[in-house]
Amino acid sequence: MARAPRNPALGPPPQAAAGFVSGDCRLIIDLGKIASNWRRLQKTAGRAVCAAVVKADAYGLGMAKVAPVLADAGCTVFFAAHLAEGLALRQVLPKAEIYLLHGLTPAAAAQTVEARLIPVLHSRGDIDALAALGRRIGRIPVGLQIDTGMTRLGLEPDEALSVTARDCDGLEIKLVMSHLACGDEPQHAKNSDQRRAFAVLLPKLFPGLPRPRTSLAASHGIFLGPEYHFDMVRPGVALYGANPHLGHPNAMEEVARLQGKVLQIRDVDTPRTVGYGATHRLNGPARIATVSIGYADGYPRALSNRGFAYFGQMRAPVVGRVSMDLMTVDVTGMPAAAIVPGTFVDVIGGGTDAALDRIAALAGTVPHDILTGLGRRPERIYLGCGE
Ligand SMILES: *Cc1c(COP(=O)(O)O)cnc(C)c1O
């Protein structure tokens, strides 16, 4: 049946956004600042190579946008976690050296090799399997993870020492790495214990083989001192704006800014409660603004009654529970002109006190968790670098 012609008084037809992306909440990502953060980290790392960790879609900020900008800035080595991430990264970076932190997916060994992805192996079984393949098809570049204190992925130091040059026939060991458990606690004794264990082990590994590059530090480890740099450092979260040097002012530039739109202003005069669970009580006259950001967008529900929204530099406390799509903030006493519906307010970043690190601390978590928890709904707007 033919549809009736559209009434022109309705204006242009609405656009359905792919994947339910909404312009009523937005995530503004400054790619130029990611590049300058990398440059700063490279400078701090001195002669060590500064790689970039872009796992989990570059911590939720969009690997396909972020990685080419880092490559343009001069970054040549990248780390993904899953094979799927590495394959996607290879599509955007045809030349880069790409490591897979999750190592070898045995069923996909051919795919890994074909895409020139370098698995970071963490077991004798993986070494044996890939070496056997390498002896058939030609030497396969690999990394090796050694566990010096995480009890997560990696060979035990003794296990690593037992690997002989002959076991590695068919492999080219390009990188030996380990990972710090307490890098974000600079005073923790475990840092120097792990560093020492790693440093002592290195000269004893694979006698007779060329010396591979070595790596220990992620973002925070870079700032523990040059003795933690080895040949390569592997920052992730610092690239995206978190402070890697705790106890010092943040030398990284802010990258991500989360904003929501004011949907309604409510003037109330009778005593009442706000939101789910009735956790906030208004006793006298008050003005409440309802903002189109909720925990589905990645704003932590733990910031119920604790977070802030910023109207420019004016700060309005979150009152009541953060719900899935909305939060309520108390704007009593603010100039009415500043808080009209349709205004975008900052809830993370934007040069306000709601910096990424502060939001994470208030929510009782780490900035990694805040970034990777950002929802798919906010429209991503990219600034800087070739846009
Ligand atoms: C995620 C990860 C990194 C990056 O850590 P950041 O704290 O984000 O800098 C480095 N190395 C390994 C092994 C990782 O898993």
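Parameters and conventions
- Residues numbered from 1 in each chain as written.
- Predicted model: local features only at pLDDT ≥ 70, side-chain atom pairs only at ≥ 80, totals over all residues.
- Heavy atoms only, no water.
- Helix = DSSP H or I, 4+ residues; strand = E, 2+ residues; numbered from the N terminus.
- Buried < 20%, exposed > 50% of the residue type's maximum accessible area, 1.4 Å probe, protein only.
- Contact = heavy atoms within 4.5 Å.
- Areas by Shrake-Rupley, 256 points an atom, 1.4 Å probe, with all protein chains shown as cover.
- Lys, Arg positive; Asp, Glu negative; His and termini not counted.
- Charge placed at Lys NZ, Arg CZ, Asp CG, Glu CD.
- Pairing = 2+ DSSP bridges.
- Right-handed = clockwise from strand over helix to strand, strands pointing away.
- Salt bridge = Lys/Arg side-chain N within 4 Å of Asp/Glu carboxyl O.
- Near = heavy atom within 4 Å.
- Polar contact = N/O pair within 3.5 Å; in protein donor to acceptor, adjacent residues only side chain to side chain.
- 1 Å grid on protein atoms, 1.4 Å probe; cavity = no way out; pocket = protein on both sides within 12 Å on 5 of 7 lines; lining within 4 Å.
- Sits in = over half its atoms within 2 Å of the grid points.
- Nonpolar A, V, L, I, M, F, W, Y, C, P; charged D, E, K, R; others polar.
- Points joined across faces, edges and corners; volume = space filled by probe spheres on them.

Enquirer: For this particular structure, what's the right way to read the overall build of the protein?
Expert: A count of helices and strands for the protein gives 11 helices and 19 strands. In terms of its C-alpha atoms, the protein occupies a principal-axis envelope of roughly 80 × 65 × 35 Å. Scored against the burial criterion, the 387 residues of the protein give a buried share of 47%. Partitioning the intrachain contacts of the protein with sequence separation of at least 6 by distance along the chain shows that 65% fall at a separation of at least 24. Per element, the accessible surface of the protein, about 18,200 Å² overall, is 54% carbon and sulfur. Separation between the mean location of the 41 positive side-chain charges and that of the 34 negative ones in the protein comes to 3 Å.

Enquirer: Teacher, can you tell me more about the pairing of strand 4 (residues 77-80) here?
Expert: If a strand is regular, its side chains alternate between the two faces of the sheet. Neither face of strand 4 is open: one carries Val77 and Phe79, the other Phe78 and Ala80, and all of them are buried. Here strand 3 (residues 52-53) pairs with strand 4 via 2 bridges, running parallel. When the bridges of strand 4 are listed, Ala52 appears paired with Phe78. Pairing between strand 4 and strand 5 (residues 97-100): 4 bridges, direction parallel. Across the sheet, Val77 pairs through a bridge with Glu97, a residue of strand 5. Assessed by its sense of winding, the connection that carries the chain from strand 4 through helix 4 (residues 83-92) to strand 5 is right-handed.

Enquirer: How do you make sense of the pattern of salt bridges when you look at a structure like this?
Expert: If charged atoms from side chains of opposite charge come close, those side chains can pair. Tallying each qualifying case throughout the model produces 11 salt bridges. We note a salt bridge from Asp167 to Arg124, for which the minimum N-O separation is 3.0 Å. One end of the pair, Asp167, is in the loop between helix 7 (157-161) and strand 8 (171-177); the other, Arg124, is in helix 6 (residues 124-137), and 43 residues separate them in sequence. Classification of Asp167 by relative accessible area gives partly exposed; the value is 22%. Classification of Arg124 by relative accessible area gives partly exposed; the value is 22%. Notably, a salt bridge pairs Arg377 with Asp297, separated by 2.8 Å at the nearest N-O pair. Here Arg377 is found in the loop between helix 11 (367-372) and strand 19 (378-383), whereas its partner Asp297 is found in the loop between strand 14 (286-291) and strand 15 (308-311), with 80 residues between them in sequence. Using a relative accessible area of 25% as the deciding quantity, one classes Arg377 as partly exposed. Taken together, the shared-partner salt bridges in this structure form one network comprising Arg124, Asp128 and Asp167.

Enquirer: What am I meant to see in the site of the ligand here?
Expert: For the ligand, the set of nearby residues contains 14 residues, the closest of which are Lys55, Tyr59, Ser219, Gly236 and Val237. Arg152 places a side-chain nitrogen or oxygen 3.3 Å from an oxygen atom of the ligand. In this structure, Arg234 approaches the ligand through a side-chain N or O atom, which is 3.1 Å from a nitrogen atom. In the complex, 90% of the free accessible area of the ligand, which totals 390 Å², lies under the protein chains. Mapping the ligand onto the cavity grids shows that it belongs to the largest pocket. The residue inventory of the shell around the ligand, partitioned by class, reads 7 nonpolar, 4 polar and 3 charged.

Enquirer: Quick question: what am I supposed to make of the environment of Ala9 here?
Expert: Mapped onto the secondary structure, Ala9 falls in the segment before strand 1 (22-30). Accessibility expressed as a relative area gives 72% for Ala9, which makes it exposed. C-alpha of Ala9 to C-alpha of Phe223: the two residues are 214 residues apart in sequence and 61 Å apart in space.

Enquirer: I keep staring at empty space enclosed by the protein and nothing clicks. Help me out?
Expert: Unoccupied space between atoms shows up once a probe the size of one water molecule is rolled over them. As enumerated under the stated definition, the model contains 2 cavities of 30 Å³ or more in all. The volume enclosed by the largest cavity comes to roughly 50 Å³. In terms of residue class, the lining of the largest cavity is made up of 3 nonpolar, 6 polar and 2 charged. Approximately 40 Å³ is the volume found for the second largest cavity. If you go around the second largest cavity, the residues you meet are Leu27, Ala256, Leu258, Ile348, Leu356, Ile370, Leu371 and Leu374. Counting residues per element, the ones that place at least two in the lining of the second largest cavity are strand 11 (256-268) and helix 11. Across the lining of the second largest cavity, the residue classes tally to 8 nonpolar, no polar and no charged.

Enquirer: Help me out: how do you make sense of the layout of surface pockets in this one?
Expert: The calculated volume of the largest pocket comes to roughly 640 Å³. Lining the largest pocket are 30 residues; nearest its centre among them are Lys55, Arg152, His179, Ala218 and His368. Elements represented by at least two residues in the lining of the largest pocket include exactly helix 2 (55-59), helix 9 (219-222) and helix 11. Its residues assigned to classes, the lining of the largest pocket shows 16 nonpolar, 10 polar and 4 charged. Looking at the second largest pocket, its volume works out to about 290 Å³.

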